[in-house]
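So you can see what is in the structure, the chains are spelled out below.
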Amino acid sequence: MNTRDLHNPVIDPVTVEIIRNGLYAVTEEMKTNLTRTAYNLIIYEALDFTVGLFTKEGDTVSIGLGLPMFIRGMSETVKAKIKHFGYENIKPGDILVTNDAYTTGSHLNHFTFTMPIFHEGRLEGFTCCMAHWLDVGGTLGNVTTDIFSEGIQIPILKYQREGVVNQDLIDIIAMNVRLAERALGDLRAQITAITTGERRYVELLQRYGADAVNGSIRQIMDSSEAVARKNTLSIPDGVYEAESFMDDDGLDIGKRIPIRVKVTVQGDEMTVDLSDVSKQVRGFYNSGFTTGIACAQVAYKCLTTPTDYPVNDGSFRSLKVIMPMGTVISAERPYPMRVWMTFPMTVIDTIFKALAPAIPHRSIAGHHADLVFPNIHGISPEDGRLFIVGIGPLGGGWGAKSKEDGVSVTVCINDGDTHNSPTEQLEAKYPVLVEKYEIRKDSAGAGKYRGGLGAEMVVQALSPFTVTTRIDRVHCKPWGLEGGGEAMGNGLAVRHKGEWKTDHLNAKIFNVRLERGDAYKMLSGGGGGFGSPLEREAEKVAEDVREGYVSVEVAREVYGVALDARQQLDAAATNGLRAAASAA
Amino acid sequence: MSNTNLTPADARLRVAVDIGGTFTDMAAFDEVTGQLLFGKALSTHGQLVNGIQATLDSADIDLRDGNLFLHGSTIAINTLLERNGAKTALLITEGFRDIYEIGRVNRPDAYNLFFNKHEPLVKRSLRFEVAERLRADGSTHKQLDEAAVRELARELGGQDIEAVAVLLLHSYRNPAHEQRVKQILQEELPGAFVCASHELSQEYREFERVSTAVANAYVGPRVSAYLGELEQHLSTKGFEGDFYVVQSTGGLFPSAHARRDCVRMLESGPAAGVIGAQAICAQLGMGDAIAFDMGGTTAKAGVISEGRPLTTGSALIGGYERALPIQIPMMDIHEVGTGGGSIARIETGNALRVGPQSAGSIPGPVAYGRGGTEPTVTDANLLLGRLDADHFLGGELKLDLAATQRQMEARIATPLGLDATSAADGILRIAVTQMSHAVKAVTTERGLDAGSFTMVVYGGAGPLHASAIARELGIRKVLIPYAPGYFSAYGMLFSDRRYDYVRSVFRKLGEVSFDEIEALYKSMEDEGRAALTQSGTKAEDVVIERAADMRYVGQEHAVTVDLPGAFFVDKDRSAIKRQFDDLHKVRYGTSAPKEPADLVSLRVTVLGTMKKPPRHSVDTGSAMPEKAALRGVKPVYFRQGGWADTPVYKRDLLRAGNQIAGPALVEEHASTTVVQPGDHLRVDELGNLQISIGSERE
């Protein structure tokens, strides 16, 4: 080992690489253990969780890929816990907990457990696990208007004090949540994850020594910073702005919520100014300050260090974020936060949109930007007990890029490696019948490269249940870039007694009861197109028609492509159509 | 071909042939002389049968002497990965046409805007809906429209469809509709390969099951034709014994069955390697071992725990992001993209990375002199003296040391401010930790203590790194088997006939009727017994193992729990629960003995045990190897102590009882074993190299 100075020894690149692999493996194992032992579908299938390792200052060393939108929330929660207790009061065997929405930046469902890592008597870092609990009390299904209606709030506390569990806390939680046994099962899974992380991290420290591990972490972060700066430098200097909007806050139906972003690139630094994102709203679509920062960080990472692992805070040193408190993504107590995850995705997409003129080959057109899933509760005909389930996420279209079509029916950017749940599993567990889960024709934005396609799902009630949907982006359709068309937005319909009601003003319904045989239908939007549809290779359009992704009408009217009776490309007619369209 | 064990009295050879990516390996056992024979030839893609005959010829095997022909091949997996299978159609429950394309909607690379999804093997215009619907309890929600199916089948007849897969919802609970659809398809499309999902998997999860059925249909015609051709060839050569194929579980099934359930042989080679390691465990009386296989592009680890290999219920084929899931029991093997050909590169930020890109065999490592310019793990081994420029593959391939040195300096060492030796050493250290993660994935991550296992190491590149990997994991004992380069073929000689059955039931353990469960287990067992009897297995050779996938009520993920037969005789619910609690505790560190549990799926393995080749042995020598065995002394670099004069031994001249203290190299045709300073090697009576690992970690 070369030593530059005693406090910052330079670690050789081989050791750094070995420790990088080791850190990544630790968070992967934490993730595996959490998902394999969790009780609720939102953790084990939707992977609504984040596990990570943090420095003793609370900076992110490695986050296991769970929920990208939580890239900031976890580190800030660890820092808040450090600040709350002070280092002198954090002891080996402690486990610190909170679900405070304004600390995590998200909703009360996100219980976050943190364990200090001690090695040879010194604090060396933290292991942390956030996971989404199925229910944390509060109003069931309906729209909420303040934090108190959203469930139990646990301030920063010790769940475990030097190895001794705080049973009082467990008892309080158990009395305040529905389906307590599930919540406590998930709690156990989270404890398994952080103790696994702690054990493996200590093994790394024992194996390589604290100096080598900490020195490697510094160098990994420096290296991520170098990559981020290099890839920022290649963006032309300038000020880039874009705007979009959300449908409404669920209360003031039809009152649009503006999202405006301003990105300044200067040399190898970027500043994202979110001051003009809408003020916080009455309905439950607010998120906290850390999530506002995460919007900028997720966008920045996607554009500069997308496949740099482990995910660490070095990547963000060259990014500044300007954002006042009190916006819809930096909301203050007691504004409601239950649907925290929806609006930030559109903020991210709007940042991509702003930068698209500067870096068209690295950017992406708009996507469906919503989880598109319902919250269902009812009484199980089998055992007479309350059940709560979300069916989805549906997945939708992603935007096209400068040289590739968008990806179809894939989960939105808020979530990463999320899975939908098998229909066979849902139908075995709950009184539902999935009538249909299919690709939505013509939902993609047209373009030289078209967007991905959205999906449609119809779910029938086999016994009565109550459904709530909080789906947005019906009206602000996923946009195209460089002449690419916009996609279909998200949507919703409900069937009562065989009659479909399709004229909802938005895609939000609260506590609608479905009787046996009734159904709801969810539609996810597509992704925007890139470049003019008239420039799309005609044979590809014909292929899309034959495969049923694009209708004959859209092929003709939007792409200027004609097909003959056997659905083969009619080249002459196509040339005519395209010439006419270009002239117009 | 008889498959009835009525073989001629003088047929005495059990012949195993494993087709791998590069080589076709053969191992044969002579039941009369007790002799083991080995053969190797280059795989002949396109005409695999020629390669098989070449390996047989290389060892002078006359198929008229064969009583068993055992076979593993990459044909099924290659057809899948290279996407050159049959033109396949899919028939699926109405409303679900797109689930095979939609998949699980996941996006593993969370920040990468340029991600991709899996690509279906059947495009949308060849996916057709069938009017019918079952409910989760197996009852009929909507009758099957048989006339519409028949009409569709007739339409398909005009479209050159070679194969058809069928997936109907909840067929794991009630296969009647799938069976009927298959029947109609067979009537209307007599030439087509038809596969209904319940024939392969009676487990819930429609996407995984449809992916399995489609994969089977897609590879079916090609695999079936290949096996037919091989049957024909064997018969032409006078072979009158039984022809079995190795499954991904490591068990055998008759070729006639393999021609239907083709996806069961996807991972036959790697699985057979684990069976070989299991055989060695049995010979030496060891319960626990890690089976570690390192080749040119990947390293793979499997586990034998208490004498039995660990299996899994499903696997992802073709890399996680774009993977196609296959939901059938398989050997639980974890793979990392680190092999001899893995390329070392410096990436932005001065980070040194090894793999997953591989130089393959063309252009290959720099040392091969075939145009490779990027240093690989093999190059690093050459520079450190572990491989010999003049004796690689018995001297058949001369290695270019000067070019290797040059490229290592130019591309890795100089930019990092190191010398070539340190760069090469660094590459090996990174490769070793990466490979150790594969071992951890199947041991520590399953709650098993890797340090207490013996690591059985094979594959061309494995023995070079075995000692280093063992040190990384705190493993004390490494075993390099006799003929590590033929190990998959060798393993096949020890396989048993095997059938696996799974049935999803979704029952609460506390409420389930034992009679119902017993009936389900029995029906699966009877099916297995019937299949075995058909292929000539005697009743006394049948062994049945029961297991169940269990979880706490409310959990989703289930773990497979072995359930001794006695639990069912005694109808002992609490014993079943305890078994699950204990396993959960081992696997994940927690359990909830007071929480109720679900029985998700029932599993049965029906084995038809085969007579195993007896232990073979090598000649006995003294503690000191014979003089002739020492090929010379050469400088080899070790991290502890730097360059050291190191004796090089010829493995084929080592004798049982020989002992060698590290540092040393042991060379054989396709492999070199590195014995590090502090290690101690002993040749056992079976010819295995048993290495006690020195205590120091690298």
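Right above here is the structure, for reference.
Since this is a predicted model, take the numbers as computed values, not measurements. (Residues numbered from 1 in each chain as written. Chains lettered and ligands numbered in written order. Predicted model: local features only at pLDDT ≥ 70, side-chain atom pairs only at ≥ 80, totals over all residues. Heavy atoms only, no water.)

Engineer: Can you break down the overall build of chain B residue by residue, with the values?
Structural biologist: The helix and strand tally for chain B stands at 17 helices and 35 strands. For a compact globule of 698 residues, the expected C-alpha radius of gyration is about 26 Å, and chain B comes in at 26 Å, within 12% of that figure. Summarising its shape, the C-alpha atoms of chain B cover approximately 80 × 65 × 60 Å along the three principal directions. Burial status across chain B gives 62% buried among its 698 residues. Accessible area for chain B stands at about 24900 Å²; split by element, carbon and sulfur atoms hold 47% of it. Taking the average place of the 74 positive charges on the side chains of chain B and the average place of its 88 negative ones, the gap between the two points comes to 3 Å. (Helix = DSSP H or I, 4+ residues; strand = E, 2+ residues; numbered from the N terminus. Rg over C-alpha atoms; globule rule 2.2 N^0.38 Å. Buried < 20%, exposed > 50% of the residue type's maximum accessible area, 1.4 Å probe, protein only. Areas by Shrake-Rupley, 256 points an atom, 1.4 Å probe, with all protein chains shown as cover. Lys, Arg positive; Asp, Glu negative; His and termini not counted. Charge placed at Lys NZ, Arg CZ, Asp CG, Glu CD.)

Engineer: Would you mind going over the overall build of chain A in detail, with residue names and values included?
Structural biologist: Scanning chain A for helices and strands turns up 13 helices and 20 strands. For chain A, the C-alpha atoms occupy an extent of roughly 80 × 60 × 40 Å along the three principal directions. A burial count over chain A gives 67% of its 584 residues as buried. If you take every contact in chain A between residues at least 6 apart in sequence, the share linking residues at least 24 apart comes to 72%. (Contact = heavy atoms within 4.5 Å.)

Engineer: Give a description of the packing of aromatic side chains that names residues and reports values.
Structural biologist: All names here are of chain B. For the structure on display, the rule yields 24 aromatic pairs over all chains. Measuring from centroid to centroid gives 5.8 Å for Y368 and F392, while their planes differ by 45°, and the two rings are tilted. Linking Y368 in the loop between β22 (351-358) and α10 (377-383) with F392 in the loop between α10 and α11 (401-416), this pair joins segments that are 24 residues apart in sequence. We classify F392 as buried; its relative accessible area is 16%. When the ring of Y521 is compared with that of F568, the centres are 5.1 Å apart and the planes differ by 70°; the resulting orientation is edge-to-face. Of the two residues, Y521 is situated in helix α15 (residues 514-534) and F568 in helix α16 (residues 566-569); the sequence distance between them amounts to 47 residues. (Phe/Tyr/Trp six-rings, centres within 6.5 Å; stacked < 30°, edge-to-face > 60°.)

Engineer: Kindly report on unusual backbone geometry, identifying the contributing residues and their values.
Structural biologist: A cis amide bond links G355(B) to the next residue, P356(B), at an omega of 0°. Examined against the element boundaries, P356(B) turns out to sit in strand β22. The residue after G662(B), namely P663(B), is reached through a cis peptide bond having omega 5°. Structurally, the position occupied by P663(B) is in the loop between β31 (659-661) and β32 (664-668). In this structure, E162(A) is a non-glycine residue whose phi angle is positive, near 45°. Within the secondary structure, E162(A) sits in the loop between β6 (157-161) and β7 (164-165). Phi angles above zero are rare outside glycine, and Q567(A) is one such case at about 60°. Structurally, Q567(A) is set in the loop between α12 (552-557) and α13 (571-583). Relative accessible area serves as the criterion here: at 30%, Q567(A) is assigned to the partly exposed category.

Engineer: Give a detailed account of empty space enclosed by the protein, specifying residues and quantitative values.
Structural biologist: Using the criterion set out here, one finds 11 cavities of 30 Å³ or more in the structure. Size it by volume and the second largest cavity reaches roughly 90 Å³. As for the second largest cavity, its lining consists of N420(A), S421(A), P422(A), T423(A), Y437(A), M457(A), I99(B), G103(B), R104(B), E206(B), F207(B) and E208(B). In terms of residues, the lining of the second largest cavity owes the most to one element, helix α7 (residues 206-236) of chain B, which gives three residues. Among the residues making up the lining of the second largest cavity, the classes are represented as five nonpolar, four polar and three charged. (1 Å grid on protein atoms, 1.4 Å probe; cavity = no way out; pocket = protein on both sides within 12 Å on 5 of 7 lines; lining within 4 Å. Points joined across faces, edges and corners; volume = space filled by probe spheres on them. Nonpolar A, V, L, I, M, F, W, Y, C, P; charged D, E, K, R; others polar.)

Engineer: Any chance you could break down the nonpolar core for me, citing the residues and the numbers?
Structural biologist: Residues L355(A), Y437(A), F69(B) and L91(B) are the most contacted members of the largest nonpolar core, which totals 233 residues. Broken down by element, this core gets its largest block of residues, 13 residues, from α7(B). I18(A), V377(B), L383(B) and A423(B) belong to the second-largest nonpolar core, a separate cluster that totals 110 residues. (Core = buried A, V, L, I, M, F, W, Y, C linked by side-chain atoms within 4.5 Å.)

Engineer: So what about the state of the cysteines? Which residues, and what values?
Structural biologist: Residue and element names in this part refer to chain A. Using the criterion set out here, one finds zero disulfides over all chains in the structure. Cysteine C476 remains unbridged, with the sulfur of C295 as its closest cysteine sulfur at 15 Å. Judged by relative accessible area, which is 5%, C476 ranks as buried. (Disulfide = S-S within 2.5 Å.)

Engineer: Please set out the sheet that holds strand β3 (residues 95-98) of chain A residue by residue, giving values where relevant.
Structural biologist: Residues and elements named next belong to chain A. With antiparallel pairing, the seven strands of this open sheet are ordered in space as β2-β1-β5-β4-β3-β6-β7. Edge positions in the sheet fall to β2 (60-64) and β7, since each has one partner strand and no second. One ladder, built from 10 bridges, connects strand β4 (residues 110-119) with strand β5 (residues 122-132); its direction is antiparallel. Paired with I117 across the bridge in β5 is G125. Sitting on the sheet, helix α6 (residues 180-208) touches β1 (49-54), β3, β4, β5 and β6, and the angle it makes with β4 is about 25°. (Pairing = 2+ DSSP bridges. Axes fitted to C-alpha atoms, helices over the stretch in contact; angles between N-to-C directions.)

Engineer: Tell me about the interface of chain A and chain B, and please be specific about residues and values.
Structural biologist: Each partner contributes residues to the interface: chain A has 87 residues there, and chain B has 70 residues. Applying the counting criterion to the chain A and chain B interface returns six salt bridges. Residue K123(B) pairs with E543(A) through a salt bridge whose shortest N-O separation is 3.9 Å. Counting across the chain A and chain B interface gives 30 residue pairs in polar contact (both at pLDDT 80 or more). At the level of elements, α1 (13-37), α6, α7 (210-233), α8 (289-304), α10 (423-429), β14 (432-439) and α11 (538-546) of chain A are the ones that each hand at least two residues to the side of chain A that touches chain B. With 14 residues, the single largest contributor to the side of chain A that touches chain B is α1(A). When the residues that make up the side of chain A that touches chain B are grouped by side-chain class, the tally is 36 nonpolar, 23 polar and 28 charged. (Salt bridge = Lys/Arg side-chain N within 4 Å of Asp/Glu carboxyl O. Polar contact = N/O pair within 3.5 Å; in protein donor to acceptor, adjacent residues only side chain to side chain.)

Engineer: So what's going on with the packing of helix α2 (residues 75-82) of chain B against α7(B)? Residues and values would help.
Structural biologist: Residue and element names in this part refer to chain B. Packing of α2 against α7 brings their axes to within 9 Å, and their N-to-C directions diverge by 130°. Of the possible angle classes, the one that applies to α2 and α7 is oblique. As α2 runs across α7, the sense of the crossing is right-handed. In this structure, α2 contributes I75, A76, T79 and L80 to the contact, and α7 contributes A215, Y218, V219, R222, V223 and Y226. Class assignment of the residues belonging to the contact of α2 with α7 gives a composition of eight nonpolar, one polar and one charged. (Parallel < 35°, antiparallel > 145°, perpendicular 65-115°, else oblique. Left-handed = near helix turned anticlockwise from the far one by under 90°.)

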